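Fold and contact review
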Amino acid sequence: MKTMIARGIAPRLIAPLLAALLLSACAAPAFKQPVIDTPTAFKEASVIQTAADGSRWTQARPAEQQPRGAWWLAFQDPRLTELVDEATRNNASLAVAAARVKQARAIAGIAQADRIPQVGLGVQAQRARPAPLDLNLPQGSPVAPQNSYSASLSASYEVDLFGRVSANVEAARQDAGAVEATYRSVLLSLQADVAQTWFRLQALDAELATVDAAVRLRAESVRVNQRRFDLGDIGEFDLTRARTELSATRAEAIGLQRQRTNAEHALAVLLGRPAARFTAANNPLPEALALPAIPDGLPSTLLERRPDIAAAQRAMEAANARIGMARAAMFPALTIDAAGGGIGGTMAEAFKWSSRSWVLGALLSLPVIDGGRNRANVTRSEAALEESVGAYRERVLAAFAEVEDNLAGVRILAAQGEQVDDAVRSARRSVELAQKLYDAGRSSYLDLLDAQRNLAASERSAAQLRGNQALTTVALIRALGGGWDAPVPAAAPLALR
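The structure presented is a predicted model; accordingly, all values stated were derived computationally and were not measured.

A few words on the overall build of the chain. Of regular secondary structure, the chain possesses nine helices and six strands. Counting every position in the chain, which comprises 497 residues, the buried fraction comes to 37%. Excluding contacts between residues fewer than 6 apart, the proportion of contacts in the chain whose partners are at least 24 apart in sequence is 82%. Of the roughly 27,700 Å² of accessible surface on the chain, 58% is carried by carbon and sulfur atoms.

The next subject is the sheet that holds strand β6 (residues 356-365). The strands making up a sheet associate through hydrogen bonds between their backbones, and the pairing can be parallel or antiparallel. The strand order β3-β4-β5-β6 describes an open sheet built from four strands, whose pairing is antiparallel. Every interior strand has two partners, whereas the edge strands, β3 (118-128) and β6, have only one. Pairwise comparison of adjacent strand axes, ignoring direction, gives a mean angle of 20 degrees for this sheet. Sheet topology note: the strand β5 (residues 333-344)/β6 ladder contains 10 bridges and is antiparallel. Each residue of the ladder has a partner; that of glycine 342, found in β6, is arginine 356.

Quick look at the confidence of the model for the chain now. For the chain, per-residue confidence averages 81 on the pLDDT scale, and residues scoring 70 or more make up 83% of the total. The spread of mean pLDDT over the elements of the chain runs between strand β2 (residues 57-58), the lowest at 35, and helix α2 (residues 78-90), the highest at 93. Taken together, the stretch residues 1-11 has pLDDT below 50 and engages in one contact with residues farther than four places along the chain or on a different chain.

Evaluation of the coordinates by the stated rule reveals three aromatic pairs. Between the aromatic rings of phenylalanine 75 and phenylalanine 199, the centroid separation amounts to 5.0 Å while the plane-to-plane angle is 50 degrees, which identifies the pairing as tilted. Of this pair, phenylalanine 75 sits in the loop between β2 and α2 while phenylalanine 199 is found in helix α4 (residues 164-231), placing the two residues 124 residues apart along the sequence. A residue is classified by how much of its surface remains accessible, and phenylalanine 199, at 1% relative accessible area, is buried.

Here the focus is a nonpolar patch on the surface. Where nonpolar side chains cluster on the molecular surface, the patch consists of Val119, Leu121, Val123, Leu153, Met347 and Phe351 and spans about 650 Å² of accessible area. The element that contributes the greatest number of residues to the nonpolar patch is β3, accounting for three residues. Structurally, valine 123 can be placed in strand β3.

Running from N to C, helix α8 (residues 373-439) and helix α9 (residues 445-479) cross one another at 160 degrees; their axes reach a closest spacing of 7 Å. With respect to each other, α8 and α9 are oriented roughly antiparallel. Relative to α9, the crossing made by α8 is left-handed. Its residues assigned to classes, the contact of α8 with α9 comprises 21 nonpolar, 14 polar and four charged.

Another point: unusual backbone geometry. Even without being glycine, glutamine 76 reaches a positive phi, approximately 55 degrees. Relative to the assigned elements, glutamine 76 resides in the loop between β2 and α2. With relative accessibility at 65%, the residue glutamine 76 sits in the exposed group.

Here we take up the pattern of salt bridges. One pass over the full model with this rule turns up 25 salt bridges. One salt bridge in this structure joins glutamate 180 and arginine 105, with 2.8 Å as the shortest N-O distance. Of the two residues, glutamate 180 is situated in helix α4 and arginine 105 in helix α3 (residues 92-113); the sequence distance between them amounts to 75 residues. Judged by relative accessible area, arginine 105 falls into the partly exposed class, the value being 35%. Between arginine 218 and glutamate 245 there is a salt bridge, with the nearest N and O atoms lying 3.9 Å from each other. On the criterion of sequence distance, the pair formed by arginine 218 in helix α4 and glutamate 245 in helix α5 (residues 236-271) is long-range, its members being 27 residues apart. The two residues arginine 218 and glutamate 245 agree in class, both being buried. Sharing partners across several salt bridges, the network here consists of Arg218, Arg241, Glu245, Asp450 and Arg453.

So, on to the packing of α4 against α9. Two numbers describe how α4 lies on α9: the axes approach to 8 Å, and their chain directions differ by 175 degrees. Comparing their axes, α9 and α4 come out roughly antiparallel. Residues that form the contact of α4 with α9 fall into these classes: 17 nonpolar, eight polar and nine charged.

Moving on, we come to the environment of alanine 128. Take alanine 128: it is sitting in strand β3. Of the residues examined, alanine 128 reaches a relative accessible area of 38% and is grouped as partly exposed. Alanine 128 sits 18 residues away from glutamine 146 along the chain, and the two C-alpha atoms are 5.5 Å apart.

Attention now goes to the environment of tryptophan 198. Structurally, tryptophan 198 can be placed in helix α4. Residue tryptophan 198 is classed as buried on the basis of its relative accessible area, which comes to 4%. Placed 118 residues apart in sequence, tryptophan 198 and leucine 80 show a C-alpha to C-alpha distance of 7.2 Å. Excluding residues within four positions of it along the chain, tryptophan 198 makes contact with Asp77, Arg79, Leu80, Leu83, Leu267 and Asn283.

What counts, and at which threshold
- Residues numbered from 1 in each chain as written.
- Predicted model: local features only at pLDDT ≥ 70, side-chain atom pairs only at ≥ 80, totals over all residues.
- Heavy atoms only, no water.
- Helix = DSSP H or I, 4+ residues; strand = E, 2+ residues; numbered from the N terminus.
- Buried < 20%, exposed > 50% of the residue type's maximum accessible area, 1.4 Å probe, protein only.
- Contact = heavy atoms within 4.5 Å.
- Areas by Shrake-Rupley, 256 points an atom, 1.4 Å probe, with all protein chains shown as cover.
- Pairing = 2+ DSSP bridges.
- Axes fitted to C-alpha atoms, helices over the stretch in contact; angles between N-to-C directions.
- pLDDT = per-residue confidence, 0-100.
- Phe/Tyr/Trp six-rings, centres within 6.5 Å; stacked < 30°, edge-to-face > 60°.
- Patch = residues over 30% accessible without salt bridge, like charges linked within 9 Å, V, L, I, M, F, W, Y side chains within 5 Å.
- Salt bridge = Lys/Arg side-chain N within 4 Å of Asp/Glu carboxyl O.
- Parallel < 35°, antiparallel > 145°, perpendicular 65-115°, else oblique.
- Left-handed = near helix turned anticlockwise from the far one by under 90°.
- Nonpolar A, V, L, I, M, F, W, Y, C, P; charged D, E, K, R; others polar.

This is the structure we're talking about:
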């Protein structure tokens, strides 16, 4: 009696257990987010914040769709806003990235289509004359041509026994997410490049203004020294030295003009315009440049919005799903096919009930000998996941380094700016004193020339420093993923042109 019970129960217990083992063997592994110890705030920030639970470490989660806002408005430059808007509309690289997003979304839609039965409708009309032998007639027998019409409805469906279809859909969805994140990265880079190129152009204009002022001063000095030489008040040495300084300063102005031309051409490309048709008006970077104030204790969670980190995250998840696809190829695939229709001598007869025909079938295919191909595909997929995890870790660490670099740059440049401003004030006072002493004949022309040269160098350094401060601030915004405003819970969908 016990033996009979065991024999009856065993198959019912073993079958589900075997099915569960098969399913678990081929399904994609549960995705595990790589753990990276990252500080909750950046070292260069003056105030270190901790997480709500008191810990000093946090695990990044992709949040690339969090609104970043129009961060360039913080610079209070209307012209910059116009340039960013124009570049967003016309830049060629951004258009390429947008087209890739559309392609990736379409590929995801193709994969999604495998989840539902594929149904097709066919209608055929033909006229044929068979050979006599085909009709079991003697050779040379007359055979009249015949017309035939058919109509059919067919359906095919792959039963997702071992998760191949689901894994393919998930991989395509994550691939599309990675491409969308790349689009956002291109957009952020474009906005930052426009801002940096614009500030570089303004800084060069400010440098040119200081050098042009030095040229005018040198030209006036040559004129004055020429008159004094003609009167015999000074020797030829002072005159030739003044002419040398004038030529050297003019050469500096020409070199700066070449740099400005190159920056102007680069801005034209970013705006999607031909370089020959774009001219940027002279607009020196103001001394009182409005730079966004960086708050203390920037949280490291801002990096969750970085699109390149999000793209690496999506790539990991896609690689994980492809492991499931590779495993499913080692197990049976079940496809169900069905077709029905009718055939007749006329189109009306093809739709008669008496002309109906149908077929229903199922195909179960299983690889038997593949030379280790499927096993190698599984190994390759697992290695691809390991590669994507390594790339993700590297990207996160590089992102922290970029933020720290630019935070340090902003801080150091601010301190440097204070010293340069003091140097400019001192240099201007030195020129005033040197000019008075020289006019009174109490100092040589070399003393005046040195004072003027120091002032020109200090003013040019101040202009360069203002430009570097603006460029570094933009670089910090880029490194943070688009500013440091508090994220809004609701995320706007990606809008493509």
